[in-house]
Amino acid sequence: MEAVLGHLRAAIERGEYGVGDKLPSEAELCRTLEVSRPVLREALRALQTMGLTVSKTGKGTFVVATTVEDPTFGDYAASDLLEVRRHVEIPVAGYAARRRTHEDLDHLTHLLDRMERETDTTSWVALDTLFHLAVAQAAQNPVFRRVIEEIRDALARQSAFLNELGGRREQSNREHRAIVEALVDGSEPDAVEAMAHHLDRVETTLTDIVRATRADTPTEGGPEA
C-alpha cells in the first residue's frame with residue numbers, strides 16, 4: 001500500500017494529474033500498478049486523508065491539491081486535533097496519576113497487554129482508542145472522557161494512518177507502557193512527561209509523512225509488489 005500511495009502521490013506532485021483531474025478508474029490502476037483492489041483502495045483513502053484527492057460516489061477520485069498541507073481525520077484537521085490533544089490529554093494524564101483506582105490500573109494494564117500481543121492493525125487501532133479513553137476515565141472527570149469520546153473517530157483514523165504509513169505500532173506500545181508505569185507509580189510529573197512524549201512522537205511521524213518528497217517514492221513504472 002505504501003508503494004502504491006507513494007507512486008500516486010508522486011504523480012500528483014509532479015503535475016501528471018492537476019487540480020480537477022480525475023484519476024484513472026480503480027480497475028485501470030489495479031492493472032497498471034499490478035495490485036489488488038483492497039490495496040489500491042487503502043492507498044486512495046490515504047490520498048484523501050492527505051487532502052490531495054476527493055472521492056465522489058459514482059464519479060471517481062479527483063485531485064483537489066498538488067501538495068500535502070494538513071491531513072484530515074474525519075471531521076478534524078491533524079493540526080487542530082493535535083493542538084487539542086496536547087491541551088487535554090497531557091493534563092489528563094497528570095490527573096489520572098493522582099486519582100486512578102485499582103480498577104483503572106487493571107483495565108489499562110489489560111488493554112496494554114492485548115495491544116502488545118495484537119498483530120492485526122484494525123484490532124490494534126480499536127484498542128489504542130480504548131486506551132486513551134481509559135486514561136481519561138482514570139482522571140475521574142466525566143468531561144475529559146466526553147472530550148475524548150467526541151474525537152474518538154478522528155483518533156482512530158489518525159492511529160490507522162500513522163500505523164500504515166509510519167510504522168508506529170511498536171513505538172506506540174512502548175510509549176503507552178511508560179504512561180501506564182507512571183500511573184501505577186502515581187507520579188503526576190512522570191505521567192505528564194510520558195503523555196507529552198507520546199504526542200511529540202505522533203507529531204514527528206505526521207510531519208515526516210507530510211514532508212515526504214518524490215525522491216523517497218517510485219517515480220517510474222509501477223510500485224514494487
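## Overview of the overall build of the protein
1) Next: When its secondary structure is counted, the protein shows 10 helices and four strands.
2) Next: Reading the protein from its N terminus to its C terminus gives the helix and strand order α-α-α-β-β-β-β-α-α-α-α-α-α-α.
3) Next: Taken across its 225 residues, the protein has 44% of its residues classed as buried.
4) Next: Sequence-distant contacts, at least 24 apart, represent 72% of the contacts inside the protein between residues at least 6 apart.
5) Next: For the protein, the distance from the average site of its 27 positive side-chain charges to the average site of its 39 negative ones is 4 Å.

## Here we look at unusual backbone geometry
1) Next: The backbone phi angle of Glu 34 is positive, close to 60°, even though this residue is not glycine.
2) Next: With respect to the helices and strands, Glu 34 occurs in the loop between α2 (26–33) and α3 (37–49).
3) Next: Of note, the phi angle at Gln 140 is positive, near 60°, even though the residue is not glycine.
4) Next: With respect to the secondary-structure elements, Gln 140 resides in the loop between α6 (121–138) and α7 (142–150).
5) Next: Residue class for Gln 140 comes out partly exposed when judged on its relative accessible area of 39%.

## Regarding the confidence of the model for the protein
1) Next: Looking at the protein as a whole, the pLDDT averages 89, with 94% of positions reaching at least 70.
2) Next: Confidence drops under pLDDT 50 across residues 213–225; counting only partners more than four residues distant or on other chains, this segment forms 19 contacts.

## Concerning the pairing of strand β2 (residues 60–63)
1) Next: Direction of pairing for strand β1 (residues 53–56) relative to β2: antiparallel, over a ladder of four bridges. Bridge assignment links Val 54 to a residue of β2, and that residue is Phe 62.
2) Next: Where β1 hands over to β2, the hairpin turn is made up of three residues, of which Gly 58 adopts a positive phi near 80°.

## A word on the nonpolar core
1) Next: Judged by nonpolar contacts, the single largest core of 67 residues is most densely connected at Leu 8, Leu 40, Leu 47, Met 50, Phe 161 and Leu 183.
2) Next: Excluding its chain neighbours within four sequence positions, the residues that come into contact with Leu 8 are Leu 29, Leu 33, Leu 40, Leu 44 and Leu 47.

## Section: the environment of Ala 77
1) Next: The topology assignment puts Ala 77 in strand β4 (residues 76–77).
2) Next: Taking the C-alpha atoms as reference points, Ala 77 and Arg 31, 46 residues apart in sequence, are found 33 Å from one another.
3) Next: The contact partners of Ala 77, leaving out residues within four places of it in the chain, are Asp 70, Pro 71 and Thr 72.

The rules behind the values
Sequence order sets the numbering: in each chain, residues are counted from 1 along the sequence as written. Predicted model: local features are reported for residues with pLDDT of at least 70 only, side-chain atom pairs are reported and counted for 80 or more only, and whole-chain, interface and lining totals are derived from all residues. Only hydrogens and water are removed before side-chain values are computed, so all heavy atoms of the structure are retained for them. Under the DSSP-based scheme used, a helix requires at least four consecutive residues in state H or I and a strand at least two consecutive residues in state E, with every element numbered from the N terminus. Per-residue accessibility, obtained with a 1.4 Å probe over protein chains only, is compared with the maximum for each type, and a residue is labelled buried under 20%, exposed over 50%, and partly exposed between these values. Contact between two residues is taken to exist if any of their heavy atoms lie within 4.5 Å; hydrogens are not considered. Residues scored as charged are limited to Lys and Arg (positive) and Asp and Glu (negative), so that His and the chain ends carry no count. The location of each charge is read from NZ of Lys, CZ of Arg, CG of Asp or CD of Glu. Across the chain, each position has a pLDDT score giving the predictor's confidence in that residue, from 0 to 100. Strands were regarded as paired on the criterion that DSSP finds at least two bridges between them. Take the buried residues of types Ala, Val, Leu, Ile, Met, Phe, Trp, Tyr and Cys, join any two whose side-chain atoms come within 4.5 Å, and each joined set is a nonpolar core.

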